[in-house]
Amino acid sequence: MPRPAEPPESGALEALYQEQILAHYRRPHNKGSLDEPDASATAANPLCGEAIAVTVRRDGERISEVAFAGQTCAISQASASMMTDLARGKTLPEIVALTGRLAELLRGDRAAAADPALGDLRALGGVARIPARIPCAVLPWRALTDALLQEVTDVA
Amino acid sequence: MSRRTDFPLLVRNPGMHYLDSAATAQKPRVVLDALRTFYETAYANPHRGSYALSMRATDAYHAARERIARFAGAVDSTGVIFTRGTTEAINLLATAWGRAAVGPGDEIVVTRLEHHSNFVPWQQLALAQGAAFRIAELTPDGDIDLDRLRRIVTPRTKVVAVAHVSNVLGAEIPLQEITAIARAVGARIVVDGAQGAPHIPVAFDERGIDAYAFSGHKLGGPMGIGVLVARREFLESMPPYQMGGGQIEFVNDDRTTWAPLPNKFEAGTPNVGDAVGLAAAVEYLDGIGMAEVARHARDLSAIAVRELRLVEGVRVFGPPITARCGVVSFTLDGVHPHDLATILDQDGVAIRAGHHCAQPLMRALQVPATARASFAIHNDASDVTALVAGVRKAQAIFGGVGTPAHAAAR
């Protein structure tokens with residue numbers, strides 16, 4: 001007989017909405033749009049159609065500044081806010097590697113959860129217990145990667 | 001008396017508070033039984049086999065069509081076309097009728113509160129045919145502004161396409177007035193009944209409309225079956241939507257003639273099993289009585305609106321309580337609807353969060369997303385209690401958050 005659907009284990013909410021997440025949600029870092037960005041892109045969450053727009057300035061191959069815009073949930077706001085801090089000084093390959101590491105963390109990988117390279121992002125580890133929210137956490141990183149992969153988007 | 005025991009999934013999940021019937025309705029046992037009985041006793045390809053089992057399948061399919069026609073208030077069951085759902089029914093009209101009947105300079109009218117499935121097909125038809133696409137706006141109260149509608153419906157208007165009930169606001173639209181406005185200029189009137197049919201009698205023959213589309217799964221029937229009810233004259237005026245087996249009369253090397261209605265619009269092997277399941281679903285609803293089904297959902301949504309409004313920071317969208325068809329859309333200050341839905345889910349409360357496939361309306365409401373609770377015949381007051389408790393819990397988790405700061409980056 002198939003097992004009935006079970007609600008996620010208790011404590012999942014506490015793991016998801018850690019103080020660090022809520023702090024970034026309350027006071028997001030680098031929210032808005034950069035003037036005259038070197039790159040920009042928007043990523044939409046297929047579940048809800050909501051979007052995060054990212055603007056980037058570069059110094060050669062390295063990111064000098066990132067900002068994000070969009071009214072989304074606490075998980076994607078916190079992920080985006082942390083991303084704008086972590087991305088500074090990194091190159092595209094480094095961002096791709098970090099995004100991959102974040103995906104491992106969100107799937108519940110223990111090594112990723114202990115990886116100092118993820119910095120504050122480790123607070124997103126609780127998402128692994130509520131997999132429906134993984135796309136929210138990844139959303140800003142998709143936008144950043146897209147922006148870096150594109151040439152400068154002219155804003156008419 | 002709780003009807004929860006009629007729904008096996010809810011019996012299996014005693015802690016579940018299913019408040020997403022506007023997205024899809026849970027299935028009463030009689031529907032699941034009807035599916036199994038059909039597949040175990042009458043399953044074969046209908047129309048084609050010259051053997052008794054195929055005849056049983058054919059009979060089951062005809063009986064399902066007749067039963068659903070009765071539910072829809074359509075005397076002529078040849079105008080009842082089975083589709084995959086509301087979306088396919090509207091696409092059928094926008095494609096088969098629209099490409100033949102709408103040309104450059106013509107006008108197509110929809111409203112601000114349409115679901116994307118009754119918006120995008122018409123928008124794209126207008127773009128393809130060089131027609132004008134006009135949107136009837138809402139009053140500040142969220143009703144369709146009939147005065148503005150009268151101004152945009154002209155003798156060049158070919159079709160007025162409206163939702164019977166908004167899937168976001170739960171409001172029943174004034175279909176009679178809108179039909180009169182469309183009729184006065186000779187425009188077709190097409191109704192998206194995806195949210196209407198579960199709450200209001202379709203009463204097709206009484207309404208003077210050209211077409212009414214609805215989905216089986218929102219009525220408690222299976223996913224993958226829906227219905228287009230349309231006037232015979234309307235259906236006969238347009239070419240087929242899809243072509244192939246079952247919908248032809250004679251196929252010559254250089255031309256083909258079409259089967260009579262309803263087969264003309266049902267190419268391919270029909271979805272007999274799901275039609276039988278849908279017939280069982282409407283039998284279940286008619287057994288309770290649509291008036292009682294509607295009253296039950298309206299009463300629960302009224303209680304929910306009253307209780308939610310007691311929570312500080314809750315904003316409820318939509319019409320006055322009495323005009324609400326079992327849908328409550330709301331937001332909670334400082335908590336995004338997705339976070340709210342996750343928190344509610346931990347306590348077994350299933351709601352929808354997002355734009356509800358109605359982005360044009362969300363822009364008018366000036367919110368990116370709402371939380372939506374919707375009620376059906378199996379819900380009771382305990383579901384409302386769980387909903388409101390979950391909303392307060394979310395508020396506590398996000399305590400003191402307020403609206404997040406929108407600090408500009410330098």
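Conventions adopted
Residues numbered from 1 in each chain as written. Chains lettered and ligands numbered in written order. Predicted model: local features only at pLDDT ≥ 70, side-chain atom pairs only at ≥ 80, totals over all residues. Heavy atoms only, no water. Helix = DSSP H or I, 4+ residues; strand = E, 2+ residues; numbered from the N terminus. Buried < 20%, exposed > 50% of the residue type's maximum accessible area, 1.4 Å probe, protein only. Contact = heavy atoms within 4.5 Å. Areas by Shrake-Rupley, 256 points an atom, 1.4 Å probe, with all protein chains shown as cover. 1 Å grid on protein atoms, 1.4 Å probe; cavity = no way out; pocket = protein on both sides within 12 Å on 5 of 7 lines; lining within 4 Å. Points joined across faces, edges and corners; volume = space filled by probe spheres on them. Nonpolar A, V, L, I, M, F, W, Y, C, P; charged D, E, K, R; others polar. Core = buried A, V, L, I, M, F, W, Y, C linked by side-chain atoms within 4.5 Å. Axes fitted to C-alpha atoms, helices over the stretch in contact; angles between N-to-C directions. Parallel < 35°, antiparallel > 145°, perpendicular 65-115°, else oblique. Left-handed = near helix turned anticlockwise from the far one by under 90°. Domains from an automatic or database assignment. Buried area = accessible area lost by both parts, 1.4 Å probe. Salt bridge = Lys/Arg side-chain N within 4 Å of Asp/Glu carboxyl O. Polar contact = N/O pair within 3.5 Å; in protein donor to acceptor, adjacent residues only side chain to side chain.

A. Up close: the overall build of chain A. Check the secondary structure of chain A and you find six helices and three strands. Counting from the amino terminus, helix and strand elements in chain A follow one another as α-α-β-β-β-α-α-α-α. Evaluated residue by residue, chain A yields a buried proportion of 47% over its 156 residues. Considering only contacts within chain A whose residues lie at least 6 apart along the sequence, 59% involve residues at least 24 apart. Of the roughly 7,300 Å² that chain A leaves accessible, carbon and sulfur atoms contribute 52%.

B. Layout of empty space enclosed by the protein. Residue and element names in this part refer to chain B. Under the counting rule described, the total for this entry stands at three cavities of 30 Å³ or more. Roughly 230 Å³ of volume is contained in the largest cavity. Around the largest cavity sit 21 residues that line it, and Ala25, Pro198, Lys218, Ala376 and Ile377 are the ones nearest its centre. Of all elements in the fold, only helix H10 (272-288) and helix H11 (290-309) reach the threshold of two or more residues within the lining of the largest cavity. Residue composition of the lining of the largest cavity, grouped by class: 13 nonpolar, seven polar and one charged. Looking at the second largest cavity, its volume works out to about 60 Å³.

C. Structural context of the nonpolar core. In this structure, Ile75 and Leu144 of chain A together with Phe330 and Leu387 of chain B are the most contacted members of the largest nonpolar core, which totals 76 residues. When residues of this core are assigned to their parent elements, the largest contribution, nine residues, is made by helix H6 (residues 134-149) of chain A. The contacts of Leu387 of chain B, once residues within four sequence positions are left out, are Leu19, Leu308, Phe330, Leu344, Val349, Ile351 and Ala373 of chain B. By size, the runner-up hydrophobic cluster in this structure holds 73 residues, among which are Leu10, Tyr18, Val168 and Met362 of chain B.

D. A look at the packing of helix H3 (residues 74-86) of chain A against H6 of chain A. Residues and elements named next belong to chain A. Between H3 and H6, the shortest axis-to-axis distance is 6 Å and the interhelical angle comes to 40°. On the basis of their axis angle, the class for H3 and H6 is oblique. Along this stretch, H3 crosses H6, giving a crossing that reads as right-handed. Residue-level contacts link Ile75, Ser76, Ser79, Ala80 and Met83 of H3 to Cys136, Ala137, Pro140, Trp141 and Leu144 of H6. Residue composition of the contact of H3 with H6, by class: eight nonpolar, two polar and no charged.

E. Local environment of the domain arrangement of chain B. All names here are of chain B. According to the domain assignment, chain B contains domain 1 (30-287) and domain 2 (290-399). Placing a centre on the C-alpha atoms of domain 1 and another on those of domain 2 gives a separation of 29 Å. Between domain 1 and domain 2, the contact holds 24 residues from the first and 27 residues from the second. Between domain 1 and domain 2 the total buried area reaches about 2,000 Å² when both faces are included, carbon and sulfur atoms providing 65% of it. When the buried area of domain 1 at its contact with domain 2 is split by residue, Val168, Leu169 and His199 rank highest and sum to 33% of it. If you look at where domain 1 meets domain 2, you find zero salt bridges. Where domain 1 meets domain 2, there are 10 residue pairs in polar contact (both at pLDDT 80 or more). Of all the elements, H10 adds the most residues to the side of domain 1 that touches domain 2, at three residues.

F. Just the pattern of salt bridges, in detail. Residue and element names in this part refer to chain B. Applying the stated criterion across every chain yields a total of 27 salt bridges over all chains. The partner of Glu283 in a salt bridge is Arg67, with the nearest N and O atoms 2.6 Å apart. Of this pair, Glu283 sits in helix H10 while Arg67 sits in helix H3 (residues 52-71), and the two are 216 residues apart along the sequence. Judged by relative accessible area, Arg67 falls into the buried class, the value being 9%. Between Glu292 and Arg295 there is a salt bridge; the shortest N-O distance is 2.9 Å.

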